[in-house]
Amino acid sequence: MPAPRRTKLPARPLMKPRKNFRLKLRSQTLALGERTLVMGVLNVTPDSFSDGGKYDQPEMAIEHALALEGAGADLLDVGGESTRPGAQETSVSEELDRILPVLEGLRGRLKIPLSVDTRRAKVAEMAIRAGAEIINDVSGLRSDARVAEVAAAHGAPLILMHMRGAPPTMQRGPFARDVMKDVARGLRESVAQARKAGVRKSQIILDPGIGFGKSYSQNYELLQKLPKLGALGYPLLVGSSRKGFLGATLAHDGKPAPPGERIWGTAATVTACILGGAHIVRVHDVWEMGQVARVADCVRRPGQRVR
């Protein structure tokens, strides 16, 4: 009987190494890539899809921010406008009324960097003055191109997310025929706009915009093909936490799983993001996803020191 043929294992690792970046903030320099950073979500809104109304009072928001820091968050993203599917636009004054008391209340108390989740230049400017160090524009500068000017003027890092359409109608379609081409093209356009406004390349982070104008299957395709977006040459941030496509996947009795029951689904997507090269994951459940990130980082680099 002939001896069984031995299958030769590939000499190269199956996962590409994650490129390292350094992000300069006012207070410190963040190393991106050595390990995955966990960004905690703090929505100070009455209508966000997962936690709307829970932290819309400054005292409650400040307390939760400190709790997220204690749970292990590396960054905190504060938002005063819901951009969930179907959400209506919030006025600038109302957005400022929501976030400024929180930012000012956290000044000197929070040790981790703050990001402001906004699509408006005036809000970004006021938030930076109140203590935020990063601007997270979910519209990728499509709502207000002057956001890039604010980032450039303050030397603040700028997160550019891909959104197809606008929150009130983005999930009604039509969706892109080729989601990877659509996202890559949109992100390149956002980057070009930011660079023209004076934002340094080293201060730009890209986000594929999971759940923003994509079909449920397209969200999974983006997670699967994330390394292709990494080839654009910028750090990647991904926010899949508790989103609607997970609710649909985990549906029972014909009803989508509610946000609070999507934690294990979120854990699966966070793992996929990290194995696909994400540098930052934006999550609601910081303690749990921090554990996921630590283990996924060890899968990426088995020999790295476990912190």
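Residues numbered from 1 in each chain as written. Predicted model: local features only at pLDDT ≥ 70, side-chain atom pairs only at ≥ 80, totals over all residues. Heavy atoms only, no water.

A closer look at the overall build of the chain
Line of reasoning, step 1. Tallying secondary structure elements over the chain gives 10 helices and 10 strands in all.
Line of reasoning, step 2. Over its C-alpha atoms the chain spans a radius of gyration of 19 Å, differing by no more than 12% from the 19 Å that the globule rule assigns to 307 residues.
Line of reasoning, step 3. For the chain, the C-alpha atoms occupy an extent of roughly 80 × 45 × 40 Å along the three principal directions.
Line of reasoning, step 4. The burial tally for the chain puts 53% of its 307 residues in the buried class.
Line of reasoning, step 5. The contacts of the chain with a sequence gap of at least 6 include a subset with a gap of at least 24, amounting to 67%.
Line of reasoning, step 6. In the structure as shown, the chain presents an accessible area of about 15000 Å², 53% of it carried by carbon and sulfur atoms. (Helix = DSSP H or I, 4+ residues; strand = E, 2+ residues; numbered from the N terminus. Rg over C-alpha atoms; globule rule 2.2 N^0.38 Å. Buried < 20%, exposed > 50% of the residue type's maximum accessible area, 1.4 Å probe, protein only. Contact = heavy atoms within 4.5 Å. Areas by Shrake-Rupley, 256 points an atom, 1.4 Å probe, with all protein chains shown as cover.)

A word on the nonpolar core
Line of reasoning, step 1. Formed by 69 residues in total, the largest nonpolar core has its most connected members in I99, I135, L158, L206 and L229.
Line of reasoning, step 2. Ranked by the residues each element gives to this core, the list is headed by helix 5 (residues 179-196), at seven residues.
Line of reasoning, step 3. Beyond its immediate chain neighbours, meaning those up to four positions away, L229 contacts M180, V183, A184, P208, L222 and L236.
Line of reasoning, step 4. Core analysis: the second largest hydrophobic core is formed by 13 residues, F21, L25, L75 and I280 among them. (Core = buried A, V, L, I, M, F, W, Y, C linked by side-chain atoms within 4.5 Å.)

Some words on unusual backbone geometry
Line of reasoning, step 1. Positive phi is not limited to glycine here, since R242 has a value of about 60°.
Line of reasoning, step 2. Mapping R242 onto the fold places it in the loop between strand 9 (237-238) and helix 8 (244-249).
Line of reasoning, step 3. We note that D253 has phi near 55°; this positive angle belongs to a residue other than glycine.
Line of reasoning, step 4. Checked against the element boundaries, D253 lands in the loop between helix 8 and helix 9 (263-275).
Line of reasoning, step 5. With a relative accessible area of 76%, D253 lands in the exposed category.

Examining the environment of A151
Line of reasoning, step 1. Along the polypeptide, A151 turns up in helix 4 (residues 146-154).
Line of reasoning, step 2. Along the sequence, A151 and S202 sit 51 residues apart, while their C-alpha atoms lie 12 Å from each other.
Line of reasoning, step 3. Residues within four places of A151 in sequence aside, it is in contact with I135, A156, L158 and V199.

Some words on the packing of aromatic side chains
By convention here, two paired aromatic rings are described through the distance between centres and the angle between planes.
Line of reasoning, step 1. This model, assessed by the stated rule, comprises one aromatic pair.
Line of reasoning, step 2. Relative to F245, the ring of Y220 has its centre 4.9 Å away and its plane inclined at 75°; by these criteria the two rings are edge-to-face. Here the residue Y220 occupies a position in helix 6 (residues 216-224), and F245 occupies one in helix 8, the gap between them amounting to 25 residues.
Line of reasoning, step 3. Across the ring face of Y234, the terminal group of K201 is positioned such that the distance to the ring centre comes to 5.5 Å. (Phe/Tyr/Trp six-rings, centres within 6.5 Å; stacked < 30°, edge-to-face > 60°. Lys NZ or Arg CZ within 6 Å of the ring centre and 35° of its normal.)

Some points on the pairing of strand 5 (residues 114-117)
Line of reasoning, step 1. In strand 5, alternate side chains face the same way, and those of L114 and V116 on one face and S115 and D117 on the other are all buried.
Line of reasoning, step 2. Bridging between strand 4 (residues 75-79) and strand 5 involves four bridges; their strand directions are parallel. Residue pairing in the sheet places L76 in a bridge with L114 of strand 5.
Line of reasoning, step 3. By the bridge criterion, three bridges tie strand 5 to strand 6 (residues 134-137) in an arrangement that is parallel. When the sheet's bridge partners are listed, V116 is paired in strand 6 with I135.
Line of reasoning, step 4. Handedness of the crossover joining strand 5 and strand 6 through helix 3 (residues 121-129): right-handed. (Pairing = 2+ DSSP bridges. Right-handed = clockwise from strand over helix to strand, strands pointing away.)

A look at the sheet that holds strand 5
Line of reasoning, step 1. The strand order across the open sheet built from eight strands is 8-7-6-5-4-3-10-9, with neighbouring strands paired in parallel fashion. Either end of the sheet is taken by a strand with one partner, and the two such strands are strand 8 (204-207) and strand 9.
Line of reasoning, step 2. Sheet topology places strand 9 next to strand 10 (residues 280-283); two bridges connect them, and they run parallel. Each residue of the ladder has a partner; that of V238, found in strand 10, is V281.
Line of reasoning, step 3. Relative to the sheet, helix 1 (residues 58-70) contacts strand 3 (37-43) and strand 4, its axis offset from that of strand 3 by approximately 165°.
Line of reasoning, step 4. In the packing of helix 2 (residues 92-106) onto the sheet, the strands contacted are strand 3, strand 4 and strand 5, and the crossing angle to strand 5 comes to about 180°. (Axes fitted to C-alpha atoms, helices over the stretch in contact; angles between N-to-C directions.)

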